[in-house]
Amino acid sequence: MKQISSMGRRERKVFEACYNGWYLSGEYRAVFFGHEHRFEADSIHQLYRQVERWFASHAEHHGNDILLVKLDKAA
């Protein structure tokens, strides 16, 4: 993961959503503008990488939408 100061706007949005939603390893859900995806993660770095790839594929049309990441089921 990059340093926060060198992140772009989209990367920072994803980092902040993951950081605010991280609790412990388990199943996470990311949601924005009617799109939802579930992720399995053992660390915040792993969660960030997965969510960033997924959000990047939608960012062209929904980059300004609010992104929420939260724990659904602890491991």
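Residues numbered from 1 in each chain as written. Predicted model: local features only at pLDDT ≥ 70, side-chain atom pairs only at ≥ 80, totals over all residues. Heavy atoms only, no water.

Backbone geometry at Phe33 places phi at a positive 40°, although glycine is not the residue there. Note on placement: Phe33 falls in the loop between strand S1 (26–32) and strand S2 (35–41). (Helix = DSSP H or I, 4+ residues; strand = E, 2+ residues; numbered from the N terminus.)

All right, on to the sheet that holds strand S3 (residues 68–74) then. With antiparallel pairing, three strands are arranged side by side in an open sheet as S2-S1-S3. The sheet is open, and its two borders are formed by S2 and S3, each paired with just one other strand. Taking the axes of each pair of neighbouring strands and ignoring which way they run, one obtains an average angle of 25° across the sheet. Two elements, S1 and S2, share seven bridges in a ladder whose sense is antiparallel. Bridge assignment links Gly26 to a residue of S2, and that residue is Ala41. Set on the sheet, helix H1 (residues 9–21) makes contact with S1 and S3; between it and S3 the angle comes to about 35°. (Pairing = 2+ DSSP bridges. Axes fitted to C-alpha atoms, helices over the stretch in contact; angles between N-to-C directions. Contact = heavy atoms within 4.5 Å.)

Packing of H1 against helix H2 (residues 44–56) brings their axes to within 9 Å, and their N-to-C directions diverge by 135°. As the angle between them shows, H1 and H2 are arranged oblique. Both H1 and H2 take part in a crossing whose hand is right-handed. Of H2, the residues touching H1 (which contributes Arg10, Glu11, Lys13, Val14, Phe15, Cys18 and Tyr19) are Ile44, Leu47, Tyr48, Val51, Glu52, Phe55 and Ala56. Of the residues belonging to the contact of H1 with H2, the class tally is 10 nonpolar, no polar and four charged. (Parallel < 35°, antiparallel > 145°, perpendicular 65-115°, else oblique. Left-handed = near helix turned anticlockwise from the far one by under 90°. Nonpolar A, V, L, I, M, F, W, Y, C, P; charged D, E, K, R; others polar.)

For S1, the buried fraction is high: six of the seven residues fall into the buried class. A loop of two residues connects S1 with S2, the two strands running antiparallel in sequence, and Phe33 in this loop sits at a positive phi of about 40°. Inspection of the sheet shows S1 paired to S3 by six bridges, in the antiparallel sense. Opposite Glu27, over in S3, you have Lys73 as the bridge partner. (Buried < 20%, exposed > 50% of the residue type's maximum accessible area, 1.4 Å probe, protein only.)

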